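Residues per chain, in single letters:
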Amino acid sequence: MTTDIANVTLPDGERIPKLGQGTWEMGERASQRAAEIAALREGIALGMTLIDTAEMYGQGSTESLVGEALAGVRDDVFLVSKVYPHNASRRGVQAACERSLKRLKTDRLDLYLLHWRGSEPLEETVAGFEALRQAGKIRHWGVSNFDLDDMEELAAVPHGDACATNQVLYNVARRGPEFDLLPWLKSRSIPAMAYSPVDHARLPKRSPLNEIAAAHGASVFQVALAWVLLQPDVFAIPKAGRAEHVRDNRRAAELQLTADDCAAIDAHFRPPLRKQPLEIL
Ligand code: NAP
């Protein structure tokens, strides 16, 4: 690798890597476990030190796998987990965090997210997050799958302006957030965390990405990821259970898309001209 991975800046000024690693669907099959741990560790060694997980994934088995993968390298990692909406009461969020910490074999999360909006009042969830922060169990908190109206409601509750990020579905084929949500976040210095940055491996079989990939000697996945990484104030968490995919994703951070590449992408995957409700995977 010739260059370091670029950073994004959280609202409090802390800098975190623009390229991390997702973990959804890891830790669910015993036969894959060793390969998945090796993939995560290789990513950490390559500088993809932001790791995203959730209590939902594998009903806790993914967090357990991440805990195992972090043995000896925990302090090198910016660790993110998420709480289920049905656990997001003031007390529930604190109890769920304790369970996550135990599975992850650590004493703190770097970032704790509300996985999606449920029926608990946002005031309650934020109060729980703030109590965790005071206790040193989490360093930052944020949300996921919040559309603009949810973000506006959040900003209006006590301490709601302490939200560090919003993790949303965003990739070359899902550009709705560009119309309103990303500009709103940017205006408040809140970076967006792009989940499914290679569209959960469901990118179209034929598109300009194929020609661009061929021209760069890269794969369509790498081009799609490089495009997300090009977006300002956006960081990405591709999931790769295979080490060769991790290495490919790391190389995508080196890929220099040209203005012509981006124009071809815009002509096919058109930027939104009107509000689109936030998509969820
Ligand atoms: P993704 O990262 O867009 O795609 C993952 C799939 O793409 C896997 O099948 C993976 O294969 C494959 N892949 C990755 N890099 C590749 C490469 N370079 N070449 C070929 N194939 C490649 O989808 P995702 O897992 O849905 O999203 C990423 C992460 O975001 C999740 O793992 C999770 O942490 C988070 N997420 C959050 C939410 C939410 O509601 N907040 C929703 C979805 C996802 P292998 O695994 O076989 O390597």
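Throughout, a residue's number is its position along its own chain's written sequence, starting from 1. Local features in this predicted model are restricted to residues of pLDDT 70 or higher, and side-chain atom pairs are both shown and tallied only at a pLDDT of 80 or more, whereas totals for entire chains, interfaces and linings draw on every residue. To obtain the side-chain values, all non-hydrogen atoms of the structure were used and water was disregarded.

Caption draft 1: Molecular detail of the confidence of the model for the protein chain. The predictor reports its confidence for every residue as pLDDT, a score running from 0 up to 100. For the protein chain, mean pLDDT is 97; residues scoring 70 or higher make up 99% of the total. Working definition: helices are DSSP H or I runs of at least four residues, strands are E runs of at least two. Numbering for both runs from the N terminus. Least confident of the elements in the protein chain is strand β2 (residues 15-17), whose mean pLDDT is 97; most confident is strand β5 (residues 111-114), at 99.

Caption draft 2: Seen up close, helix α8 (residues 220-230). Burial within α8 is extensive, with nine of its eleven residues counted as buried. Buried within α8 we find Val220, Gln222, Val223, Ala224, Leu225, Ala226, Trp227, Val228 and Leu229. Here, residues are in contact when the closest pair of their heavy atoms is within 4.5 Å. If you follow the buried residues of α8, they end up packed against β8 (192-195), α7 (208-216), β9 (234-236), α9 (243-252) and α10 (259-268). The buried label goes to any residue with under 20% of its type's maximum accessible area, the exposed label to any with over 50%, and the partly exposed label to all in between, with areas taken from a 1.4 Å probe on protein chains only.

Caption draft 3: Structural context of the site of the ligand. We call a residue near a molecule or strand whenever a single non-hydrogen atom of that residue lies within 4 Å of it. Within the structure, the ligand sits among 28 residues, and Asp52, Gln167, His200, Lys239 and His245 are positioned closest to it. Contact distances for the ligand include 2.9 Å between an oxygen atom and a side-chain N or O atom of Arg242. Values of accessible area rely on a 1.4 Å probe in the Shrake-Rupley scheme; residue burial ignores everything except the protein chains shown. For the ligand, the protein covers 91% of the area, taking 900 Å² as the surface of the free molecule. With three residues, the single largest contributor to the shell around the ligand is α9. Under the convention adopted here, Pro, Cys and the residues Ala, Val, Leu, Ile, Met, Phe, Trp and Tyr are nonpolar, Asp, Glu, Lys and Arg are charged, and Gly plus all remaining residues are polar. Here the residues of the shell around the ligand sort into eleven nonpolar, eleven polar and six charged. A 3.5 Å cut-off defines polar contacts: any pair of N or O atoms within that distance qualifies, except that in protein one atom must be a possible hydrogen donor and the other a possible acceptor, and neighbouring residues in sequence count only when both atoms are side-chain atoms.

Caption draft 4: Representation of helix α1 (residues 33-45) in the model. The length a helix should cover is 1.5 Å for every residue beyond the first. With 13 residues, α1 extends 18 Å from end C-alpha to end C-alpha; this agrees with the ideal 18 Å at 1.5 Å per step. Within the sequence span of α1, burial applies to Glu36, Ile37, Ala39, Leu40, Gly43 and Ile44. Seen end-on, α1 carries its buried residues on one side only, within an arc spanning 155 degrees. Seen from the buried face of α1, the exposed residues on the opposite side, beyond 90 degrees, are Ala34 and Ala45. Residues of α1 that are buried make contact with β3 (50-52), α2 (61-69) and α9. Just downstream of α1 lies Gly47, where phi reads positive at about 100 degrees. The directions considered for the arc are those from the helix axis to the C-beta atoms.

Caption draft 5: Structural detail: the packing of α1 against α2. It is at 9 Å that the axes of α1 and α2 come closest, and there the two elements cross at 55 degrees. Compared by their axis directions, α1 and α2 come out oblique. Between α1 and α2 lies a crossing of right-handed hand. For the pair α1 and α2, the contacting residues are Arg33, Glu36, Ile37, Leu40 and Arg41 in the first and Ser64, Leu65, Val66, Glu68 and Ala69 in the second. Grouping the constituent residues of the contact of α1 with α2 by class yields five nonpolar, one polar and four charged. To obtain an axis, a line is fitted to C-alpha atoms, over the contacting stretch when the element is a helix, and the angle between two such axes runs from 0 to 180 degrees between their N-to-C directions. Geometric relationships in this document are graded by angle, where less than 35 degrees denotes roughly parallel, more than 145 denotes roughly antiparallel, 65 to 115 denotes roughly perpendicular, and other angles denote oblique. By convention the crossing between two helices is left-handed if the near helix lies anticlockwise of the far one by an angle smaller than a right angle, and right-handed if it lies clockwise.

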